[in-house]
Amino acid sequence: MRKSLIKNILFLFSFISVNGQMVDENDQYLEMGLKLINGTYYTALEIGSNKDHLKVLVDTGSSDLWVPSIDEIKNSAYGIFDYKDSNQFKSNGTFFEMQYLDGSKSTGEWCQDEIFINNKSLGNINFGIANDSTNEFGTLGLGLPGLEETNNNRFKNRDLKS
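Because the structure is predicted, anything quoted here is derived from the model rather than measured.

(A) Region of the structure containing the pairing of strand E4 (residues 40–47). With 6 of its 8 residues buried, E4 lies for the most part within the structure. Looking at chain direction, strand E3 (residues 35–37) and E4 are connected through 3 bridges and run antiparallel. If you follow Lys 35 over to E4, its bridge partner there is Tyr 42. Counting the residues in the hairpin turn of E3 and E4 gives 2 residues, including Asn 38, whose phi is positive at 50 degrees. When E4 meets strand E5 (residues 52–59), the two strands line up antiparallel, connected through 6 bridges.

So, in structure tokens, the structure goes:
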């Protein structure tokens, strides 16, 4: 089961572009480590010019990334993104709300900053920064692109604010 899940995650993740380009033919997928904690898979990533380290839940049933804000949680074993320390952080001023089948939810704002996995930059990526959440960890959605809220037309032409 675990090997199958990891292969599926690597397959889904192979569609992510790096710096606006599809991953080259020699590097068909981006490897990411997974850690099983209490029956849930997590992976590590870094966000922003300050490269804050976070562990996020890996979810194949959703397609968006969101992380907790320093404004919501001051200390977490999973890490926190301090957007105030990143000189690349941009907010687009648009509200987001994620709800999951287990009853958990997160609300906040859509933004953009540089994301790193295994020290490889994915470029400036749109993601949510939660200012209210029932969880102290973020979520990396690896589901199909059609599930992405950040790919919805209402976000395409928004000016990003520093």
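(B) Local environment of the environment of Phe 116. Position of Phe 116 among the secondary structure elements: in strand E8 (residues 105–117). Considering only alpha carbons, one finds Phe 116 and Ala 44, 72 residues apart in sequence, at a separation of 9.1 Å. Phe 116 has contacts with Leu 45, Glu 46, Gly 48, Lys 51 and Ser 121, leaving out every residue within four places of it along the chain.

(C) Inspection of the packing of aromatic side chains at higher detail. Tallied over the full model, the rule gives 7 aromatic pairs. Measuring from ring centre to ring centre gives 5.0 Å for Tyr 83 and Phe 89, while their planes differ by 40 degrees; the resulting arrangement is tilted. One aromatic cluster in this structure is built from Phe 81, Tyr 83, Phe 89 and Phe 127. Note that Lys 51 overlies the ring of Phe 116, its terminal NZ or CZ placed 4.2 Å from the centroid.

(D) The layout of surface pockets, seen in detail. Roughly 210 Å³ of internal volume is contained in the second largest pocket. Around the second largest pocket, the lining residues are Leu 57, Asp 59, Tyr 100, Leu 101, Asp 102, Ser 104, Asn 135, Phe 137 and Thr 139.

Thresholds, definitions, all that
- Residues numbered from 1 in each chain as written.
- Predicted model: local features only at pLDDT ≥ 70, side-chain atom pairs only at ≥ 80, totals over all residues.
- Heavy atoms only, no water.
- Buried < 20%, exposed > 50% of the residue type's maximum accessible area, 1.4 Å probe, protein only.
- Helix = DSSP H or I, 4+ residues; strand = E, 2+ residues; numbered from the N terminus.
- Pairing = 2+ DSSP bridges.
- Contact = heavy atoms within 4.5 Å.
- Phe/Tyr/Trp six-rings, centres within 6.5 Å; stacked < 30°, edge-to-face > 60°.
- Lys NZ or Arg CZ within 6 Å of the ring centre and 35° of its normal.
- 1 Å grid on protein atoms, 1.4 Å probe; cavity = no way out; pocket = protein on both sides within 12 Å on 5 of 7 lines; lining within 4 Å.
- Points joined across faces, edges and corners; volume = space filled by probe spheres on them.

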